[in-house]
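Structural features, examined
The residues making up each chain are set out below.
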Amino acid sequence: MASANDFFDSGKEPGVETWRIEDFKPVKQGPTAFGKFYTGDSYIILHTKQAAGGKLLHDIHFWQGKESTQDETGASAILAEQLDAAMGGAPKEFREVQGSESPEFLQIYKGGIKYLTGGAASGFHHHEDAPHKAALYQAKGVRVTEVPLSTTSLNSGDVFILDGGAKIYVWTGTSASPLEKNKALTQTITLRDDKDHQGKSQVIHLEEGDVEGEDAASFFAALGASDPKSVTIASA
């Protein structure tokens, strides 16, 4: 966990540094949190770039989840201003709102960004802090968002990833775009190889219309449907 002094003494070399706002303080996030944002939290991201001649340039992004408290969003803006001032006022500042992030922000995360439910002050438990439980993610455009574990979350226009622990299911809607398919593939590989799964999970691919067999039955059962053939998929 970084102290306030660590926060204000950052940006010394090229890279991306991220802090989550907890009790009005910036808490440094580790490498495994890269590109992952809880919808109940606010964050500060410092992007340090090296220009020709070796000069360092800085962008400060303060990201606000749609369920983040007013205290957290306010603290993120204030701390971003303080970090900017500590760096001599030279950095560019960007306010980032979940779902409407700037192009500069999205370019940081070549593999896309992932929204997770919960938050430090929301009363929810982060998945890292609790025993593994199934979770469903929707790949839409460059964003991957955790959605309710239900067949009603599925639609023909997107790709969905069901993290079942030992098995990870990738369900592809008939109208999903190549971008969404690629994004889902990237996220699936990242998920399979993270510290919880350690590369041991089996990845199972299902297409919309696959309703026969054990894999389809297990996928839909996890979403609350005992009969895959009875499930109606929403259009794109």
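Please refer to the structure higher up on the page.
Residues numbered from 1 in each chain as written. Predicted model: local features only at pLDDT ≥ 70, side-chain atom pairs only at ≥ 80, totals over all residues. Heavy atoms only, no water.

1. Remarks on the side chain of S68
With respect to the helices and strands, S68 occurs in the loop between β5 (56-64) and α2 (70-86). Its relative accessible area of 13% is what places S68 among the buried residues. One polar contact links S68 to E72, side chain to side chain, over a distance of 3.0 Å. When near neighbours in sequence (up to four residues on either side) are disregarded, S68 contacts T39, G40, D41, S42 and T73. (Helix = DSSP H or I, 4+ residues; strand = E, 2+ residues; numbered from the N terminus. Buried < 20%, exposed > 50% of the residue type's maximum accessible area, 1.4 Å probe, protein only. Polar contact = N/O pair within 3.5 Å; in protein donor to acceptor, adjacent residues only side chain to side chain. Contact = heavy atoms within 4.5 Å.)

2. Let's talk about the packing of aromatic side chains
According to the stated counting rule, one finds 13 aromatic pairs in the structure shown. Plain terms: the ring middles of F7 and F8 are 4.9 Å apart, the flat faces sit at 65 degrees to each other, and that makes the pair edge-to-face. Taking relative accessible area as the criterion, F7 reaches 0% and is therefore assigned buried. When its relative accessible area of 29% is taken as the criterion, F8 is described as partly exposed. For the ring pair F7 and W19, a centre distance of 4.8 Å and an interplane angle of 90 degrees mean the geometry is edge-to-face. Taken together, the residues span a long stretch of sequence, with F7 in helix α1 (residues 4-8) and W19 in strand β1 (residues 15-22) at a distance of twelve residues. As far as the burial class goes, F7 and W19 line up, both buried. Over the ring of Y137 we find K114; its NZ or CZ atom is 4.3 Å from the centre of that ring. (Phe/Tyr/Trp six-rings, centres within 6.5 Å; stacked < 30°, edge-to-face > 60°. Lys NZ or Arg CZ within 6 Å of the ring centre and 35° of its normal.)

3. Structural notes on the side chain of E72
For E72, the location among the structural elements is in helix α2. Of the side chains bearing the opposite charge, R20 lies closest to the buried E72, which forms no salt bridge; the N-O distance is 7.1 Å. (Lys, Arg positive; Asp, Glu negative; His and termini not counted. Salt bridge = Lys/Arg side-chain N within 4 Å of Asp/Glu carboxyl O.)

4. Notes on the nonpolar core
Counting 22 residues, the largest nonpolar core has F37, I45, W63, F105 and Y109 as its most contacted members. Looking at this core, the elements with two or more residues in it are β3 (36-38), β4 (42-50), α3 (103-108), β7 (113-116), β8 (135-140), β10 (159-163), β11 (167-172) and α4 (178-192). Ranked by size, the runner-up nonpolar core spans 14 residues in total, among them F160, I204, F219 and A225. (Core = buried A, V, L, I, M, F, W, Y, C linked by side-chain atoms within 4.5 Å.)

5. A look at the sheet that holds β8
Spatially, β3-β7-β9-β8-β10-β11-β12 is the arrangement adopted by the seven strands of the open sheet, whose pairing is mixed. Two strands bound the open sheet, and with one partner strand each, they are β3 and β12 (202-207). Taking each pair of neighbouring strands and ignoring which way they run, the sheet shows an average axis angle of 20 degrees. In the sheet, β11 pairs with β12 via six bridges, with the strands oriented parallel. (Pairing = 2+ DSSP bridges. Axes fitted to C-alpha atoms, helices over the stretch in contact; angles between N-to-C directions.)

Keep in mind these numbers describe shape, not what the thing actually does.
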